Structures are given as structure tokens and as C-alpha cells.
Amino acid sequence: MSFDLVLFGGTGDLTWRKLMPALFQAFRHGKLPEGGRILSVARDERSDDAYRAFIRERFEDVDESKRPSGEEFARFAELLHYRRMDLSQPADYGGLKQWLDARGADTQVLFLATSPHLFPVICAQLGAAGLNGPRVRVVLEKPLGHDLASAQEINRVVAAAFAEEQAYRIDHYLGKPAVQNLSALRFGNALFEPLWRRESIANIQITLAEGIGVGTRGDFYDRTGALRDMVQNHALQLLTMIAMEPPPTGDADALRDEKLKVLKSLKPFTPESVARDVVRGQYKAGIIDGKAVPGYRDEAKVQLESRCETFVALRTEVQNWRWAGVPFYLRTGKRLAGREAHIVVNFRGVPHPIFPGANRANKLVIKLQPEDGLELHLMAAKGSGPGELLAPVSLDLDFDKAFSSERVGGYERLLLDAIAGRLNLFVRSDEQEQAWRWVEPVLDAWAKDPSGPRPYAAGSWGPAASSALIARDGCAWVEEQ
Ligand code: BG6
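Residues numbered from 1 in each chain as written. Predicted model: local features only at pLDDT ≥ 70, side-chain atom pairs only at ≥ 80, totals over all residues. Heavy atoms only, no water.

What follows concerns the pattern of salt bridges. Counted under the stated rule, the structure contains 34 salt bridges. Between Glu 45 and Arg 84 there is a salt bridge whose closest N-O contact spans 3.7 Å. Here Glu 45 is found in the loop between strand 2 (36-42) and helix 2 (48-58), whereas its partner Arg 84 is found in strand 3 (residues 80-84), with 39 residues between them in sequence. Of the residues examined, Glu 45 reaches a relative accessible area of 64% and is grouped as exposed. Under the relative-accessibility criterion, Arg 84 is labelled partly exposed at 34%. The shortest N-O distance in the salt bridge between Glu 57 and Arg 58 comes to 3.7 Å. Residue classification places Arg 58 among the partly exposed residues on the basis of a relative accessible area of 22%. It is possible to trace a salt-bridge network through shared partners that takes in Asp 253, Arg 256, Asp 257, Arg 428 and Asp 430. (Salt bridge = Lys/Arg side-chain N within 4 Å of Asp/Glu carboxyl O. Helix = DSSP H or I, 4+ residues; strand = E, 2+ residues; numbered from the N terminus. Buried < 20%, exposed > 50% of the residue type's maximum accessible area, 1.4 Å probe, protein only.)

Structure below.
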């Protein structure tokens, strides 16, 4: 199957930081279908060779194990092409179409790795130029809107040019191997299904913690905040994968129908429940890995009096028969104590304890970062003699060790899926809009609340109110570090 992959925003951050390294890994692993071309388009004039040299240089910033040797890059570079385009000029789209049609590859994947404010003009121009035929797929990178109305507007312009099954909305968390494993755990094994419900599960926690601050993205982040940046998409997508019903088939729409039902079952927020069940925070100066780091308001391109949240913790429920009454806690933030992303399924305790001492409840930890793996925490007898207390032990599964040579990273997986036409790991417009519908009351309540985000020290686990939120139900956040 031949393909052409066009990267709009071909000299931008996303292209050289994420997409090119992912494409190179796919190439190195022999997973990129033969007969492919990668065409980067951007505003300035440069030759194919100058573009290849630009990308080669950018690979110096990539993790050493993922950097190509000179010989590997030379072979990879044969796939790379460059074309200057002014994205507002219809003639430039005509030129692109000619370039693509001259070969007529089986699949044409158009990846919009540009700023989202350009999506409407690009989609409209692609449609007008006839670059929207059945062999074309369009890939859209987040952020897809900053509220429901803007997301709907983007979906409207996309839908005017493309059918829904041509639209591949990326949430790169869905490409992470741990998320694939969550699906495999639930629907490739019968073991957990009878337990996967309110009768056996006490609560579920999702933590997406980062040690990094906002870095060079201060202006973007200051307009966005953690709720829009991480909760509306990544955290909610993980929640849907945990809470969804088994789909009738493995087809993309069967899966996405079930995820949508979860989003529709989330308990709606009211101004009162926002005040009670949502905590927002903003980092102050602190220490991370022994180094002093500045507070959020001192970061470059952030407003002096910014009220932007860099931390969110919230409690919600999925209102259906399977999950009624089970709290789901979500927490995410920047400049926290470490980079740690995991989902913790806390099972209920034994109904009638007969062993002395504390009987800790079982828990299943699905680890996304820094490594991905699975831990099942059980209570066991150490065999140390009469009257002994039970001790917690865990069964640990390290996926990197189990499947070392075959693993593919998030973007690599998503790019290969877009090329192969597999929509399972991409977000459908109705899912995306429903997620906005659910977070909007929080944004509205915050806009009206003069108190603003609570301060927390960089290097901590967020404001004390976050621990208090979960302690109210007699629980505590699970932290591995
Ligand atoms: C992005 C956010 O979507 O995800 C960033 O915009 C965040 O702010 C990043 O740092 C986290 O992704 P990962 O894969 O590093 O956990």
C-alpha cells in the first residue's frame, strides 16, 4: 500500500519534536509501509536537501537510543520532501494536489500540525481544491477548541470538507502502550470483568503528574490551563477506557459509541459541586530534583497576575448501573513531585476480616509513566510463624521486559494507524464535544469565583485541598515516588 503523508507545519515544534522521531522509529522498526513519501509543508522557501539537513540537526535533541546513525538517516531522508506553501493561497493547494496526483498513492494522510486557528482555513482550502476525496484522511492535533462552541465550530468546518470517517482527532494518550493494555486487560481477559463494577470496586483514581513547568509555552498555557490542557482530553479519555461497557465488536465506532456513553453518564457539575468537588491550584517557586524552580507567574510569557490553573483535582461519578456511587478521582498538574501517570483501581476490603492487623484492600495499578506496567496488590502470609500478620505484596508486570523488541510509542502507533486507516484510537467529534460539555460548567464557575487557584509549592503534590477532597471519602491519593 503506497501512502503520502503531508505534514502541515513541517518546520514546527510538533513536527520535529514528536512526529519525525516517531516516523523514524516506525521506519527503523520496518513498520512504515513500503512506498511511502513524507512531504512537509511550511511558509519558507527551502530545498528538499535543506529540509533534510534541518531535520537531521533536530535529531540531536532526541534521546540517544532514538537517534539515527548517519547511514540510517540517509535512508530515512529519501522519504522526506519539502514544499513551500502559503496556507491562505488557493493556488498553493492546487500545486499540492498536482504533486500528490502525479503519483496517486493509495492513501493520502494530511496531518495538520499547525496552530489550530489555521484549521478552518486549511480545511476549507483542502475541500475547495478537491483534496478531500475518498483516499484522503485528515489528522487533527489538539487543542481542538477552547470550549464547546469553538470545538463545534472546528468540527463544522472539518465536516464541511470531510466525512467523519476521514477525520482522525489525536489524543496522544490513546496511543500510549499502557492504554492499549487497559483495553487488552478488560476485553482480552475474562478475569476482571466480573469484578469491574460497583460491587467490587471502591473508587478509581487517575493521576497525570508532571515534574516539568510550562517551559517555553507560557503564552499558550496561560490561555489554556490544566483543565483544558489535560482533563478535557487525556484524563477523560482514560476514564472512558476504564468505565466503558465491553463494545459489541472491535470496530472503531462500536468502541467510540461506548466511550461516548460514559461521557454522557458523567455527573454534571453545578456551581455548588464545582466548589465542593473541584480543586484548582497554581505552582509557586519550589525545589525539584534539588534545583530551585520559579513560580508559574514568573515563567516567561505568563501574565503577572495570572489566574491560570496549573493543577486540577476533582471527584466525579459515572451515573449508570455499573458504577453508581463509585467515586472517580482525577488529578493532574505541572511542577509536581515527579513525572508519574497511573490509574489506580481500589477494590473493596474483605467483608469480614478474620486475620489480625490491618486488612488492606486489593488494588490494581495501571502505570502509564515513567514506565508502563501493571501491579496487582494482594495481601499474603509471609510464612513467619504463628500469629503472623498479613503483609502486602504485589504482582508486577513490566511490559517493556515482556515484549521488549515489539513495542511502539504513542505517536508512532497513531501515525501508523492513520496511514492504515484504523480509527479506533482517534476521538470522534461527538466524544470531543461531550467532553467539552462536561467541563464547561467548571470553567464558568471558576470565571465567576474571585478566589482563583490555590497556591502549591513546586515539587509538592499540589494544594492541601486536593488531599482533603479525597480524604473526605476516607481515601488518599496513591503516590509511587
Ligand atoms: C500535552 C499537553 O497534550 O500533553 C502538555 O499539552 C503535556 O502540557 C503533555 O505536557 C503530556 O504528555 P506526556 O505524553 O508527556 O505525558
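So, next bit.
With that settled, consider the site of the ligand. For the ligand, the full set of nearby residues is Lys 142, His 172, Tyr 173, Lys 176, Glu 210, Arg 217, Asp 229, Met 230, His 234, Lys 334, Arg 339 and Gln 369. Here His 172 contributes a side-chain N or O atom positioned 2.8 Å from an oxygen atom of the ligand. One of the side-chain N or O atoms of Glu 210 is found 2.5 Å from an oxygen atom in the ligand. Burial of the ligand by the protein amounts to 84% of the accessible area it has alone, namely 390 Å². If one sorts the elements of the shell around the ligand by residue count, helix 8 (residues 218-243) sits on top with three residues. Residues that form the shell around the ligand fall into these classes: two nonpolar, three polar and seven charged. (Near = heavy atom within 4 Å. Polar contact = N/O pair within 3.5 Å; in protein donor to acceptor, adjacent residues only side chain to side chain. Areas by Shrake-Rupley, 256 points an atom, 1.4 Å probe, with all protein chains shown as cover. Nonpolar A, V, L, I, M, F, W, Y, C, P; charged D, E, K, R; others polar.)

Moving on, we get to the pairing of strand 2. Two faces, one strand: in a regular strand the side chains alternate between the faces of the sheet. The element strand 2 is extensively covered by neighbouring structure, given that seven of its seven residues are classed as buried. Burial along strand 2 is two-sided: the face carrying Gly 36, Ile 38, Ser 40 and Ala 42 and the face carrying Arg 37, Leu 39 and Val 41 are both buried. As defined by bridge partners, strand 1 (residues 3-8) adjoins strand 2 across six bridges and the pair is classed as parallel. Following the sheet pairing, Phe 8 is matched in strand 2 by Val 41. Between the parallel elements strand 1 and strand 2, the chain passes through helix 1 (residues 13-28) in a crossover that is right-handed. Judged from the five bridges that link them, strand 2 and strand 3 form a sheet pairing that is parallel. When the sheet's bridge partners are listed, Val 41 is paired in strand 3 with Arg 83. (Pairing = 2+ DSSP bridges. Right-handed = clockwise from strand over helix to strand, strands pointing away.)

Tracing the chain through its elements places Asp 92 in helix 4 (residues 90-103). A polar contact of 2.6 Å, which involves the side chain of Asp 92, links it to the backbone nitrogen of Asp 86. When residues no more than four places from it in sequence are discounted, the contact partners of Asp 92 are Arg 84, Met 85 and Asp 86. (Contact = heavy atoms within 4.5 Å.)

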